[in-house]
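Structural features, examined
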Amino acid sequence: MTQGWRSIMESLLQCCRGIPPADRMDWQEVMRAAQWHGVFPYVYRQVEAHRGPGGMPLAWREAYGRQVSRQLQLESRLRELLGSFAGLSSRIIPIKGPVLAHQAYDRPLLRQFSADLDFYAPEFSPSLWDQVLGLLGYQRIPGSSRDQDRFAHQYVSGEGRVVLDIHTSLLPDREDGEYRWIMERCRPGVFDGVPCWELPLPFQLFLLDLNVRYSNGHTHLRYYLDGASLCQRMSGEEWGQVAAHLGGYDQGTSLYLSLYLAGEIFGARVPEEITRALATPFRQQLARNYLRLLPFQYGIFLR
């Protein structure tokens, strides 16, 4: 490695902002940082816009090709699963991953997927899921219900390439009310031609904030890219729904930080009324300090 952690992160942030990379940039380490932060497809396209396809390093082109192939595979698996769930009486809601990419992004392949597919199943029944997913070649991983949270069950495909996370919640019981309040806003929708349940965009924003707070998400740039993409897609009416719920929303500090970073790094435009409703001197100073310290965090979390 020819650059320190701070230089790597500063280079990555420049790429995220659409600034042409410097010739001295450590391409391998910046790619590694982008992948760890979950923004590599977006960064690849940002850099390619300046250098052209022929100007991209071979390692970047190969990594991007693998990432796109992986994402298309997960989308195909999700369509298959949703088709199988259509006849079930219990509510099964795909969250995050491909569904969020298709709802929030103009180009869904700009969102880097994790290695799994997530579902919310409040009426989870092990015997039912074992039967339904068993017919599709998935097996439940023994002991996969997380001991510390007791709300996630994992299944793996026969070839071991796809993992399903089935959530009965995302939070411990004492904090579950907020999550259920969000998920109750689900409505019938469509994913790539297949009927499914989906969250309206305003509540995707609240769910994103919830994920950030309870999964150490403030360490990953992908959450801010998700936020910026949601901001870009929301209409004035949908922003009005966000504003209507801010009065009873007691996590404004986290939401303000997420929206501030989405704007500073990815150019998100947040309506002034939302900023005014969330901004306080403390939150504004906290957000500025966080942005200033962001280049140092990558090294801390990878040690």
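Relevant structure appears above.
Overview of the structure. (Residues numbered from 1 in each chain as written. Predicted model: local features only at pLDDT ≥ 70, side-chain atom pairs only at ≥ 80, totals over all residues. Heavy atoms only, no water.)

**Some points on the pattern of salt bridges**
Using the following cut-off: The rule for a salt bridge is simple: a side-chain nitrogen of Lys or Arg has to be within 4 Å of a carboxyl oxygen of Asp or Glu. In DSSP terms, a helix is any run of H or I states spanning at least four residues, a strand is any run of E spanning at least two, and both are numbered starting from the N terminus. Residue burial is assigned from relative accessible area. The probe radius is 1.4 Å, only protein chains are included, and a residue is buried under 20% of its type maximum, exposed over 50%, and partly exposed in between.
Inspection of the entire model under this criterion finds 11 salt bridges. Put simply, glutamate 10 and arginine 6 hold a salt bridge, and the shortest N to O gap is 3.0 Å. Placement of both glutamate 10 and arginine 6 in helix α1 (residues 5-16) is noted, with a separation of four residues, approximately one turn of the helix. On the accessibility criterion, arginine 6 (46% relative accessible area) is partly exposed. Notably, a salt bridge pairs aspartate 192 with arginine 79, separated by 2.6 Å at the nearest N-O pair. Separated by 113 residues along the polypeptide, aspartate 192 in the loop between β6 (187-191) and β7 (194-198) and arginine 79 in helix α4 (residues 58-85) bring together distant segments of the chain. Judged by its relative accessible area of 44%, aspartate 192 falls in the partly exposed class.

**A look at the sheet that holds strand β1 (residues 93-95)**
Heads up, the condition is: Pairs of strands are assigned from DSSP output, requiring at least two bridges between the strands. For helices, the axis comes from a line fit to the C-alpha atoms of the stretch in contact; other axes are also lines fit to C-alpha atoms, and the angle between any two N-to-C directions lies between 0 and 180 degrees.
Spatially, β1-β2-β5-β4-β3 is the arrangement adopted by the five strands of the open sheet, whose pairing is mixed. Every other strand in the sheet has two partners, leaving β1 and β3 (138-140) as the edge strands with one partner each. Each strand axis lies, on average, 30 degrees off the axis of its neighbour in the sheet, ignoring direction. The pairing of strand β4 (residues 152-157) with strand β5 (residues 163-167) spans five bridges and is antiparallel. Its bridge partner lying in β5, tyrosine 155 is registered against leucine 164.

**Some details on the packing of aromatic side chains**
So the rule is basically this: Aromatic pairing here means that ring centres of Phe, Tyr or Trp (its six-membered ring) are within 6.5 Å. Orientation follows from the plane angle: under 30 degrees is stacked, over 60 is edge-to-face, and everything else is tilted.
Counted under the stated rule, the structure contains 12 aromatic pairs. Ring geometry for tryptophan 181 versus phenylalanine 203: centroids 5.7 Å apart, planes at 70 degrees, classification edge-to-face. Taken as a pair, tryptophan 181 in helix α7 (residues 176-183) and phenylalanine 203 in helix α8 (residues 201-214) lie far apart in primary sequence, 22 residues in all. Cluster of aromatic residues (ring-pair linked, three or more members): Trp27, Phe40, Tyr44, Trp60 and Tyr64.

**Remarks on the layout of surface pockets**
In this approach the atoms are scanned with a rolling probe the size of a water molecule, which exposes any empty space left behind. How we decide: Definitions used for this entry: grid spacing 1 Å over protein atoms alone; cavity, a set of points where a 1.4 Å probe fits but cannot get out; pocket, an open set with protein on both sides within 12 Å along at least 5 of 7 lines; lining residue, one with an atom within 4 Å of a point. Grid points are joined across faces, edges and corners, and a volume is the space filled by probe spheres set on the points. Gly counts as polar in this scheme, as do all residues outside two lists: the nonpolar Ala, Val, Leu, Ile, Met, Phe, Trp, Tyr, Cys and Pro, and the charged Asp, Glu, Lys and Arg.
Volume-wise, the second largest pocket comes out at about 280 Å³. In terms of lining residues, the second largest pocket is bounded by 15 residues, among which Asp106, Ala228, Ser229, Gln232 and Phe266 are the most central. Broken down by element, the lining of the second largest pocket gets its largest block of residues, five residues, from helix α9 (residues 222-233). Its residues assigned to classes, the lining of the second largest pocket shows nine nonpolar, three polar and three charged.

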